[in-house]
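What follows is the residue order along each chain.
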Amino acid sequence: MKKKFENRRWIGKIAVLAVYGGLVFPALFTALAFGGRWLRPLDSFSHFLHYYVLAFIIVAIVAGFLKLRKTAAIALVSLLFAVWLLGPARPFALSGQTALQAAPGNGVKIITFNLLYHNDQIDRIADYVTRQDPDILMFQELSPINRPLLDLLPQYPYRQSCSLNQTMATMVLTKTKPSAQGCLPRSQVAWIDLILSGKPVRVASVHLHWPWPLLQWRQIDNIRSEVAGLDSKRPIILGGDFNAAPWSNAVRTMEDITGSRVVPGFRFTILGFKSPLKLPVFLPIDQILLPEEATLRDVTTGPELGSDHRPVVVTLNWTK
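Basis of the calculations
- Residues numbered from 1 in each chain as written.
- Predicted model: local features only at pLDDT ≥ 70, side-chain atom pairs only at ≥ 80, totals over all residues.
- Heavy atoms only, no water.
- Helix = DSSP H or I, 4+ residues; strand = E, 2+ residues; numbered from the N terminus.
- Expected span 1.5 Å × (residues − 1).
- Buried < 20%, exposed > 50% of the residue type's maximum accessible area, 1.4 Å probe, protein only.
- Contact = heavy atoms within 4.5 Å.
- Pairing = 2+ DSSP bridges.
- Core = buried A, V, L, I, M, F, W, Y, C linked by side-chain atoms within 4.5 Å.
- Disulfide = S-S within 2.5 Å.

A.B. asks: I keep staring at helix α5 (residues 216–228) and nothing clicks. Help me out?
C.D. replies: Since there are 3.6 residues in each turn of an α-helix, residues three or four apart along the chain are aligned in direction. The end-to-end C-alpha distance of α5, which contains 13 residues, comes to 18 Å, matching closely the 18 Å that a straight helix rising 1.5 Å per residue would cover. Regarding α5, the residues found buried are Gln216, Trp217, Gln219, Ile220, Asn222, Ile223, Glu226 and Val227. Contact partners of the buried residues in α5: β5 (180–184), β6 (189–196), β7 (199–207), β8 (236–241) and α6 (249–258).

Encoded structure:
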């Protein structure tokens, strides 16, 4: 009987230590993520903020069950702070939908999709694009393996690509003839100028590098300098694989550069990515930024199409 009592005491101590550890580490990472607003390397912690939110919820529940009231209260306060940091992704819209404004008209549909360089399921992708019938397509990781997809999309005759490296490229495809087009060579951004609903707009496809310690911020600085050399009067629609969460400082910086705002909501767009622990990681890192002239009508994520990313589909109207 005494041995059972001692075992329960040890189990209780281990549970309490687990609760404290489950609070301290996500709280530390959340603080570091907040610091990314001022110190760029810390922004790398922000992309996993939704996991810290989940940790705070679990800790609050377990601490309440163990009657650790102060710990539960601290977890709840930390939870509220982390949810506040989610910015454009709060409140959660886990279904892939956001609360949208009603707007008349047919709208302009845009799809951005990281194809994955070794993805050979081009028939499925072409069928999906044909059924969706977007006005504009933005591709990332276009490679020799998936490039035959372009032959299956003759309805998009106007194209601009920009090489990421020797094997991959970003691309914008459209049904409408552009008035100008080009590539930002240092930042590997493909862009075209269009007239949509009687309004001039620049549409650009981007594939950002992974965050620090890799080269994401260097690329963002290149984008800033190269965008500054373009006609600043045109509103910009920017889409692609940002390798950054919508609430991150990296995305906020891209908003400042373009004068556009990230489409709100919470959408897991990367699937099947394996962490060093061989666990799946789900991240909302594919974004579309829209100018203030655009009214969002609909946004959703597409199906699995052979890539570790899902397409993001946006429909918008021009309001000004």
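Now that the structure has been shown, we can carry on.
A.B. asks: Mind showing me how you'd approach the sheet that holds β8 here?
C.D. replies: Pairing between the strands of a sheet comes from backbone hydrogen bonds, and it takes one of two forms, parallel or antiparallel. The sheet built from 6 strands is open, its strands ordered β5-β6-β7-β8-β12-β9 with mixed pairing. The open sheet has two edge strands, β5 and β9 (261–262), and neither has a second partner. With 7 bridges joining them, β6 and β7 adopt antiparallel strand pairing. If you follow Ala190 over to β7, its bridge partner there is Ser205.

A.B. asks: Can you help me understand the nonpolar core in this one?
C.D. replies: Grouped together as the largest cluster of nonpolar side chains are 23 residues, with contacts concentrated most on Ile110, Val203, Ile237, Ile288, Leu290, Val314 and Leu316. Mapped by element, the contributors of at least two residues to this core are β1 (108–114), β2 (136–142), β6, β7, β12 (286–290), β13 (294–301) and β14 (312–318). Each residue touching Val314, except ones within four places of it in the same chain, is listed here: Val108, Lys109, Ile110, Val263, Ile288, Leu290, Leu296, Asp298 and Val299.

A.B. asks: Explain the state of the cysteines to me, please; I cannot follow it from the model alone.
C.D. replies: Covalent bonding between the sulfur atoms of two cysteines defines a disulfide. Here the structure, examined in full by the defined rule, presents 1 disulfide. Cys162 shares a disulfide with Cys183; S-S distance 2.0 Å. Taken together, the residues Cys162 in strand β3 (residues 158–163) and Cys183 in strand β5 connect sequence positions 21 residues apart. Looking at Cys162, the relative accessible area reads 2%, which means it is buried.

So yeah, pure geometry; function would need other evidence.
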